[in-house]
Amino acid sequence: MLDIAIIGGGPAGLAAGLYAVRGGGNVRLFEELFAGGQIVKTHRIENYPGITDGPDGYALAARFEEHAAAFGLSIEYGAVSELVLDADPKRFICNGKAYEAKTVILATGASPKTLGIPGERELTGHGVSYCATCDGAFYKNRTATVIGGGDTAISDALYLAKLCSKVYVVHRRDTLRASAILADAAKQTENITFVWNSVPEAFLGEGKLCAIRIKNRVTGEVSELITDGAFVAVGVVPRTELFKGQIALSENGSVITDEKTETSVKGVFAAGDVRNTPLRQVVTACADGAIAATYALEAARVK
Ligand code: NAP
């Protein structure tokens, strides 16, 4: 039986894994696809203390994974299913095998929010994207539009501005939510144009995006913005589908924890973007992972 099963291999899960194996626990991390989580979509990380070479998310994730593996963390790739949290031990299936664990750390992260407007589903992958790092190169020397005004939207706009001839940022207000350093850089970038107080109403195009229908929320004016690509960056939704109904969630759907990151179910902890947290950064996800591992290990040892 595992002392700790960590579900999710982003920064929170990998940091939890590092702390848990260094703490001497019998630990396994379960990751659906590949380690790194959302940071693999990030083109440059410059606010993780001590990492001054501005690596991209892939590179930083690889370092996290190597670091945890060097201390003996075992990672199993495969989707977790049939998770039962309110039991002792906790149970689940991965790759057809049944597992039992004294404690579980939920580090399933978050996924990009969709707009829910006409054309979005049909044109995803045909001009509409949720990842500038993954798909930006398709729009080299062409026009791209970013939707949103937060850190993700503005980092995406800055990244795309280096590749594309023109970048629009469509934001529903006239001030950005993004941090000042990013906002100032974007405002000073010649090929970035802001479309303020505006919301997309529909993605237009037959089989391929050609424009976005946009409504100005102040004047009510509706117009068509011609663009080759659209990058939706309007926030994230915590990924809780695996355990919905088993633990307490906040109004916005994130996992409620105490200061030890323990959830409403004893022996179940949550770390990183899936948790109800006021700040979603790599450094806070890692900090969550360290706290969760410490208290999960403590809980496993008294069992
Ligand atoms: P966010 O901070 O929640 O920003 C979402 C943006 O989308 C906001 O500007 C919001 O407008 C807009 N928006 C939300 N729903 C919308 C809708 N239906 N239609 C149009 N616009 C809509 O999300 P995020 O930028 O993805 O960032 C998520 C977290 O990751 C944040 O904590 C962020 O700081 C962090 N992050 C950090 C970095 C970094 O430090 N470099 C990079 C990326 C992400 P309003 O402003 O009007 O609400």
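Residues numbered from 1 in each chain as written. Predicted model: local features only at pLDDT ≥ 70, side-chain atom pairs only at ≥ 80, totals over all residues. Heavy atoms only, no water.

### Describing a nonpolar patch on the surface
A cluster of nonpolar side chains, Leu33, Phe34, Tyr58 and Tyr77, forms an exposed patch at the surface whose accessible area comes to about 450 Å². A relative accessible area of 52% means that Tyr58 is categorised as exposed. (Patch = residues over 30% accessible without salt bridge, like charges linked within 9 Å, V, L, I, M, F, W, Y side chains within 5 Å. Areas by Shrake-Rupley, 256 points an atom, 1.4 Å probe, with all protein chains shown as cover. Salt bridge = Lys/Arg side-chain N within 4 Å of Asp/Glu carboxyl O. Buried < 20%, exposed > 50% of the residue type's maximum accessible area, 1.4 Å probe, protein only.)

### Some remarks on the domain arrangement of the protein chain
Domain boundaries assigned for the protein chain yield domain 1 (2–111 + 236–302) and domain 2 (114–232). Across the boundary between the two partners, domain 1 contributes four residues, which contact eight residues of domain 2. Between domain 1 and domain 2, roughly 460 Å² of surface is buried when both sides are summed, and carbon and sulfur atoms account for 60% of that area. For the pair domain 1 and domain 2, the interface holds zero salt bridges. At the boundary of domain 1 with domain 2, the tally comes to two residue pairs in polar contact (both at pLDDT 80 or more). (Domains from an automatic or database assignment. Contact = heavy atoms within 4.5 Å. Buried area = accessible area lost by both parts, 1.4 Å probe. Polar contact = N/O pair within 3.5 Å; in protein donor to acceptor, adjacent residues only side chain to side chain.)

### Regarding the sheet that holds strand β12 (residues 198–204)
Overall, antiparallel pairing links the three strands, which are arranged β12-β13-β14 in an open sheet. Sheet topology places β12 and β14 (222–226) at the edges, where each strand pairs with a single neighbour. Ignoring which end each strand starts from, the neighbouring axes of this sheet average 30° apart. (Pairing = 2+ DSSP bridges. Helix = DSSP H or I, 4+ residues; strand = E, 2+ residues; numbered from the N terminus. Axes fitted to C-alpha atoms, helices over the stretch in contact; angles between N-to-C directions.)

### A look at a positive patch on the surface
Together, Lys113, Arg172, Arg173, Arg177 and Arg217 give the surface a local cluster of positive charge. With respect to the secondary-structure elements, Arg217 resides in the loop between β13 (211–216) and β14. Judged by its relative accessible area of 51%, Arg217 falls in the exposed class. (Lys, Arg positive; Asp, Glu negative; His and termini not counted. Charge placed at Lys NZ, Arg CZ, Asp CG, Glu CD.)

### A word on the pattern of salt bridges
Within this structure, the stated rule accounts for nine salt bridges. For the salt bridge of Asp3 with Lys102, the shortest nitrogen-to-oxygen distance reads 3.5 Å. In this pair, Asp3 sits in strand β1 (residues 2–7) while Lys102 sits in strand β6 (residues 97–106), placing the two residues 99 residues apart along the sequence. Taking relative accessible area as the criterion, Lys102 reaches 22% and is therefore assigned partly exposed. When the shortest N-O distance is used, the salt bridge between Arg239 and Glu241 registers 3.4 Å. Overall, Arg239 belongs to the partly exposed group, its relative accessible area being 28%. Note on Glu241: relative accessible area 56%, which makes it exposed. One network of salt bridges, with partners in common, ties together Glu32, Arg239 and Glu241.

### Overview of the side chain of Thr103
Within the secondary structure layout, Thr103 lies in strand β6. Of the polar contacts made by the side chain of Thr103, one reaches the backbone oxygen of Asp3; its length is 2.8 Å. The contact partners of Thr103, leaving out residues within four places of it in the chain, are Asp3, Ile4, Ala5, Lys90, Gly267, Phe269, Ala296, Ala299 and Ala300.

### Section: the nonpolar core
Side chains of a nonpolar character, in soluble globular proteins, are inclined to be buried together. Among the nonpolar cores identified, the biggest contains 33 residues, and Ile4, Phe64, Ile105 and Val282 are the most heavily contacted of them. For this core, the secondary-structure elements that each account for two or more residues are β1, α1 (11–22), β2 (27–31), α2 (57–70) and α7 (282–302). Non-local contacts of Ile105, meaning those with residues more than four positions away in its chain, are made with Ile4, Ala5, Ile6, Ile7, Ala16, Phe269, Ala271, Ala292, Ala293 and Ala296. Among the nonpolar cores identified, the runner-up in size contains 22 residues, and Ala161, Cys164, Val167 and Ala233 belong to it. (Core = buried A, V, L, I, M, F, W, Y, C linked by side-chain atoms within 4.5 Å.)

### Observations concerning the sheet that holds strand β8 (residues 128–129)
An order of β8-β15-β9-β10-β11 is seen for the five strands of this open sheet, with the pairing classed as parallel. Two strands close off the open sheet at either side, each with one partner strand: β8 and β11 (192–195). Note that strand β9 (residues 143–147) and strand β10 (residues 166–170) share five bridges and pair parallel. Within the sheet, the bridge partner assigned to Val146 lies in β10 and is Val169.

### As for the packing of aromatic side chains
Under the defined criterion, the tally for this structure stands at seven aromatic pairs. Between the aromatic rings of Phe138 and Tyr139, the centroid separation amounts to 6.5 Å while the plane-to-plane angle is 85°, which identifies the pairing as edge-to-face. An aromatic cluster of three or more residues is present, and its members are Phe30, Phe92 and Tyr99. When the ring centre of Tyr168 is taken as origin, the NZ or CZ atom of Lys166, which lies over that ring, is 5.4 Å away. (Phe/Tyr/Trp six-rings, centres within 6.5 Å; stacked < 30°, edge-to-face > 60°. Lys NZ or Arg CZ within 6 Å of the ring centre and 35° of its normal.)

### A closer look at unusual backbone geometry
The bulk of non-glycine residues show a negative phi, and the bulk of peptide bonds are trans. A cis geometry characterises the amide bond from Asp88 onward to Pro89, with omega recorded as 0°. As for its placement among the helices and strands, Pro89 is situated in the loop between β4 (80–84) and β5 (90–94). Not every positive phi belongs to a glycine, and Asn95 is a case in point at roughly 50°. With respect to the helices and strands, Asn95 occurs in the loop between β5 and β6.

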